[in-house]
Amino acid sequence: MSVDPQVLARARARVLGVPSITVAEPVPPGFTGASDGTRVWLLPEWPDGATPALLEEYDTAPMPLDRPGQARRVLAAALRCCWPRLDDAPWPGQDALVIDVLEVYVGLSRGDADLARRWATGELRRLADTGWLLLDEAAGTVRPGPRVALWADETLGPLRDLLRRLPEPVREDAP
Amino acid sequence: MSPTSDDAFAARDDAPSLDDVLEGEAVLGVYRQMFAALARDSGAVVDDPELVDVAETLLAAFADAGEEGLSREQMRYVCRRYPAEVFDNRLRVLKGLGAVREVFPKPNQLRYRASFTSVVGLMFVRRMMLDGGQSEMHRLLALEQLNVADPRMTPAQARDGADGLARAFRLWSVELLTLTNGTIEELREQAPKLWGTEEILQRAERLHGAILRRWPQLDRTCTDLRAAIYAYGDASRRAAARLSDSAGTTRNLTLLPPETWRTFARTATREELAAVLDGFVFDAPAPWHEPSAVVAAVEDGPRATPPRPAPPRPSVPDPGLSGDTGSDATAVERLRTVAEQVLRGRDRVAVQDVLDQDWVTARRLLADLSSVHLHPELPYRLAWGDGMAARPDGSPTWVSSGVFERTGR
């Protein structure tokens, strides 16, 4: 049985979430690629450049999410560290240390700092699972995920203002 | 409700006549047709719900076919979704029980027709499957109420109806009592049987009152019925009380206790565990975080310090701090340079010698020298003497005698 390799690639991409392929391989139809130079991440393509934020205008419930506020605060803390040049696009960003991200998140939150770090670690893993961050737990680094490449540039203004206001990560070993 | 009871009635007479046998055979025929759809073979009930679907498909096709009936090939075509052996088996059983029979009772008959009784029986069975016995009880009570109001009703029929209802209520309360004394899991599973009991009780009591008003001579039967109704009410109340005791604070009776979940997770086979996820789609869309949502989440989040408004930003790019901080050291250095230029290595110099330039430059120098004199850190001084020299041609036009000198420090 022969299956069109493009169809097969598309099916694989849908099952795997946000897979990455080498730059040399073609992007299957129905996907947009977010490339960082060596690899291409396959992302869903929406008609007419709409994003899922459009669901809100139609009063349709978006994808349900446990503790969306916490997840987004962790995402903001991660972007504060991996997106240092705010005038550029957030993707592909830079590698940042996970401990820095956790410190920024602790600065954002209230209460027990250890507990906040543990919550944030869990959220970092969940965000990495859904392609919002690329987390390398062995190296202890994190960088923006390919999904942030789908953000339209004109919607980024408030986010840039917010990230400018966020405190910088405090480093003990900083010069 | 079983055919054997009719046989027993027939056997009570010492010499059963041919008429009795015929009558019993007719009753048996109705029973057989009613439950033909459920029969696996002529002696047992189906063990696969799909077999009932075959029967239903067939009966629906017969209804569409009209008086012509269907040939065997047409029946096979209607049931083409099912395997051939299943279809053959069903057809044989349905024929054997009289649900499907030849249009004319002749050998080698090719066309068949279906029995009306079987369809009604199947409808009844489907309804029982959908609603369970309780709603059938509601229907029976309503029907009986109509019957009692019917002027053609005889006391004997009313007594039979009341006896049947009393028997049903007694069996029901026995079942509830067994449940109440059994395990709580089983009780929870059967909990829907307990819902709406109040309504059934009221309806039954109304029926009981109607029978008693119309036929006072049936008081004995009515007493039985009344006792059965009350027994049922007590049993259902006790079962409900046990159920609500075990449920604790939650009123959601469909929630399983944690122990049941844990036991299932430990004892289930791999297939059973996988079946739990049967209805899930695994390429579900990922959550979407809009930038504005991220901003809103951070701004609504709990924070240690009270929120501060963002400082106003200039419209032009900010070049940062300028190098001129206005610190004192720079000014002191400049003044020291000025003083050394004036002294040129000497210890003292007359002021009028220094001011021999044009007035614009000279007054600036004089101001600097005054600053040097007044600065507490610098070791210079400006000393003015008495007298004044007028120089109409010079510039400045008058000077007073004074010296600028190095103090010893």
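The rules behind each value
- Residues numbered from 1 in each chain as written.
- Chains lettered and ligands numbered in written order.
- Predicted model: local features only at pLDDT ≥ 70, side-chain atom pairs only at ≥ 80, totals over all residues.
- pLDDT = per-residue confidence, 0-100.
- Helix = DSSP H or I, 4+ residues; strand = E, 2+ residues; numbered from the N terminus.
- Pairing = 2+ DSSP bridges.
- Axes fitted to C-alpha atoms, helices over the stretch in contact; angles between N-to-C directions.
- Buried ≥ 20, exposed ≤ 12 C-beta atoms within 10 Å, placed from the backbone.
- Contact = placed C-beta atoms within 7 Å.
- Parallel < 35°, antiparallel > 145°, perpendicular 65-115°, else oblique.
- Left-handed = near helix turned anticlockwise from the far one by under 90°.
- Nonpolar A, V, L, I, M, F, W, Y, C, P; charged D, E, K, R; others polar.

Trainee: An account of the confidence of the model for chain A is requested, with residue identities and associated values reported.
Mentor: Here chain A averages 83 in pLDDT, and 96% of its residues register 70 or above. The least confident element of chain A is helix 1 (residues 5-16) of chain A, whose mean pLDDT is 75; the most confident is strand 6 (residues 141-144) of chain A, at 91.

Trainee: Describe the sheet that holds strand 2 (residues 31-35) of chain A, with residues and values.
Mentor: All names here are of chain A. With respect to topology, three strands assemble into an open sheet ordered 1-3-2, the strand pairing being antiparallel. The open sheet has two free edges, formed respectively by strand 1 (20-22) and strand 2, since each of these has just one partner strand. Across the sheet, the mean angle from the axis of one strand to that of its neighbour is 40°, orientation sign disregarded. For strand 2 and strand 3 (residues 39-44), the ladder comprises five bridges, and the chain directions are antiparallel. Considered in strand 3, the bridge of T32 is made with L43.

Trainee: How would you explain the sheet that holds strand 7 (residues 380-390) of chain B if you had to name every residue and give the values?
Mentor: All names here are of chain B. A sheet is described by the order of its strands in space; here three strands give the open sequence 6-8-7, paired in antiparallel fashion. Strands at the two margins of the open sheet, each flanked by one partner only, are strand 6 (348-350) and strand 7. Ignoring which end each strand starts from, the neighbouring axes of this sheet average 15° apart. Judged from the eight bridges that link them, strand 7 and strand 8 (residues 398-406) form a sheet pairing that is antiparallel. Within strand 8, the residue paired with Y380 across the bridge is R406.

Trainee: I'd like a rundown of the environment of B:R381, residues and numbers included.
Mentor: Residue and element names in this part refer to chain B. Examined against the element boundaries, R381 turns out to sit in strand 7. For R381, a count of 16 C-beta atoms within 10 Å translates into the label partly exposed. Between the C-alpha atoms of R381 and S370, which are eleven residues apart in sequence, the distance is 8.5 Å. In contact with R381, other than residues within four places in its own chain, are H373, E405 and T407.

Trainee: With reference to specific residues and values, describe the environment of A:D161.
Mentor: All names here are of chain A. One can find D161 in helix 6 (residues 157-165). Accessibility expressed as a C-beta count within 10 Å gives 13 for D161, which makes it partly exposed. Once the C-alpha coordinates of D161 and L86 are considered, the two residues, 75 residues apart in sequence, prove to be 9.0 Å apart.

Trainee: Help me get a handle on the packing of helix 15 (residues 328-343) of chain B against helix 17 (residues 359-374) of chain B, residues and values and all.
Mentor: Residue and element names in this part refer to chain B. Look at helix 15 against helix 17: their axes get within 10 Å of each other, and the N-to-C directions meet at 110°. Regarding the angle of helix 15 to helix 17, the classification is roughly perpendicular. Handedness of the crossing formed by helix 15 with helix 17: left-handed. Each of L335, V338, A339 and V342 in helix 15 lies in contact with helix 17, whose residues at this interface are D368, L369, S371 and V372. In terms of residue class, the contact of helix 15 with helix 17 is built from six nonpolar, one polar and one charged.

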